[in-house]
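Coordinate inspection notes
Letter by letter, the chains look like this.
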Amino acid sequence: MRAFIVGEIDHPPALTTISDCTPGPGELLVRNKACGLNFADLLMIRGKYQDTPTAPFTLGMEVGGIVEALGPGVTGPAPGTRVAVFGGSGGLADLGVYPADRAVALPDPVDFETAAALQIAYGTSHVALEHKARLKPGETLVVLGAAGGVGLTAVELGHLMGATVIAVARGEDKLAIAGAAGADHLIDADAPDLRDQIRALGSTDVVYDAVGGDLFRAAFRAMKPEGRILVIGHASGDVPQIPANHLLVKNIDVLGFYWGGYLKFRPEIVTQSLTTLFRWAAEGRIKPHISHVLPLERAQEGLDLLKTRASTGKVVITL
């Protein structure tokens, strides 16, 4: 089978032919049909991601595909079932072996590209906003990096959950995408007065931050008392330091959030969330924005799109 493999950390991955894989106890074999790319794939290549496998390994964290076979002791999903699986790796290959308890059956209207694009981006935003930040209808939500892979889903879900959404992104084109996803107010990330612009809109109850750096610092200073700021990532490369005295004075909560971590200590939160999200997708209430769909032979091109921030929403590789 074909696989896009990292043979050695900090070396370019390559499309290689390897032996077919076989599921072990508690696992299932999936014929991968589509795989969503993520910023974490770039970090894995460099060995900088918290869950980087030991090299050599196959890239690709989230897939949509068809169950081919079950390992010993596994009762389902049955072979032939269309599923979505977050495997953490292994998705950029013709076949993948994954823990059976991570597989979620796909409703008929949901295609494989949607399954591959939805899991991490929408799952991250859904669990972060609902479970961690306890976002309520009528509250104000600021989304930093609002046209990115996860930021765009935070805009869409925040709107769906009844919040007033302020989208912060760089440039008119990306702001237009955030507006189409349901943002009520649009602010250019290059604006020198981001804090003042947010305050002029009434300040914010929740900040969703996948960027860090100066945007974090500006939004942090525009929060209401008892506001909650979600630390999703630091795509800017600048990890901001948090003045603890400001937390005290304004009773602000800073909430670290890593979606994949829940698979280790509360996996039911992830599977329940994905079941809800796939139902919403089947009902047409949410639709992942996929800017590029490329074949496996062009997987490196897809990673380059992420690296240069030339994509909006998701990049999906088909097999």
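Read on for an overview of the structure. (Residues numbered from 1 in each chain as written. Predicted model: local features only at pLDDT ≥ 70, side-chain atom pairs only at ≥ 80, totals over all residues. Heavy atoms only, no water.)

**As for the packing of helix α2 (residues 112–132) against helix α9 (residues 267–282)**
Contact geometry for α2 and α9: axes closest at 9 Å, N-to-C directions at 115°. Note that α2 runs across α9; the crossing there is right-handed. Taking contact as the criterion, the partners of Ala115, Leu118, Gln119, Tyr122, Gly123, His126, Val127 and His131 in α2 are, on α9, Ile269, Ser273, Leu274, Thr276, Leu277, Phe278, Trp280 and Ala281. For the contact of α2 with α9, the residue count by class is 10 nonpolar, 6 polar and no charged. (Axes fitted to C-alpha atoms, helices over the stretch in contact; angles between N-to-C directions. Helix = DSSP H or I, 4+ residues; strand = E, 2+ residues; numbered from the N terminus. Left-handed = near helix turned anticlockwise from the far one by under 90°. Contact = heavy atoms within 4.5 Å. Nonpolar A, V, L, I, M, F, W, Y, C, P; charged D, E, K, R; others polar.)

**Focus on the sheet that holds strand β4 (residues 57–58)**
What the 3 strands build is an open sheet, ordered β2-β1-β4; its pairing is antiparallel. Unpaired on one side and paired on the other, β2 (14–17) and β4 mark the two borders of the sheet. Sheet analysis places strand β1 (residues 2–6) next to β2, joined by 4 bridges and oriented antiparallel. Across the sheet, the residue bridging to Arg2 is Thr17, located in β2. (Pairing = 2+ DSSP bridges.)

**As for the nonpolar core**
Among soluble globular proteins, nonpolar side chains are generally buried collectively. Formed by 88 residues in total, the largest nonpolar core has its most connected members in Leu59, Leu92, Leu129, Leu141, Tyr208, Leu230 and Phe278. Counting residues per element, this core draws most heavily on α2, which supplies 11 residues. When residues no more than four places from it in sequence are discounted, the contact partners of Phe278 are Ala84, Val104, Leu106, Pro107, Val110, Ala115, Leu118 and Gln119. Among the nonpolar cores identified, the runner-up in size contains 21 residues, and Ile166, Val207, Ala218 and Phe220 belong to it. (Core = buried A, V, L, I, M, F, W, Y, C linked by side-chain atoms within 4.5 Å. Buried < 20%, exposed > 50% of the residue type's maximum accessible area, 1.4 Å probe, protein only.)

**Structural notes on α9**
Counted at 1.5 Å a residue, the expected span for α9 with its 16 residues is 22 Å, and the 23 Å between its end C-alpha atoms agrees. Restricting attention to buried positions, one finds in α9 the residues Ile269, Val270, Ser273, Leu274, Thr276, Leu277, Phe278, Trp280 and Ala281. The inward-facing, buried residues of α9 abut β6 (82–86), β8 (103–105), α2, α3 (151–160) and α8 (262–265). Just past α9, the residue Gly284 takes up positive phi, approximately 80°. (Expected span 1.5 Å × (residues − 1).)

**Re the side chain of Asp41**
With respect to the helices and strands, the residue Asp41 is situated in helix α1 (residues 39–45). Apart from residues lying up to four places away in sequence, Asp41 is in contact with Gly36, Leu59, Gly60, Met61 and Leu303.

**Observations concerning unusual backbone geometry**
The residue after Ala55, namely Pro56, is reached through a cis peptide bond having omega 0°. For Pro56, the location among the structural elements is in the loop between α1 and β4. A cis amide bond, omega 5°, links Gly76 with the succeeding residue Pro77. Mapping Pro77 onto the fold places it in the loop between β5 (62–70) and β6. One non-glycine residue, Arg134, lies in positive phi territory at about 55°. Turning to its location among the elements, Arg134 is positioned in the loop between α2 and β9 (140–144). Not every positive phi belongs to a glycine, and Glu226 is a case in point at roughly 65°. Tracing the chain through its elements places Glu226 in strand β13 (residues 223–231). A relative accessible area of 59% means that Glu226 is categorised as exposed.

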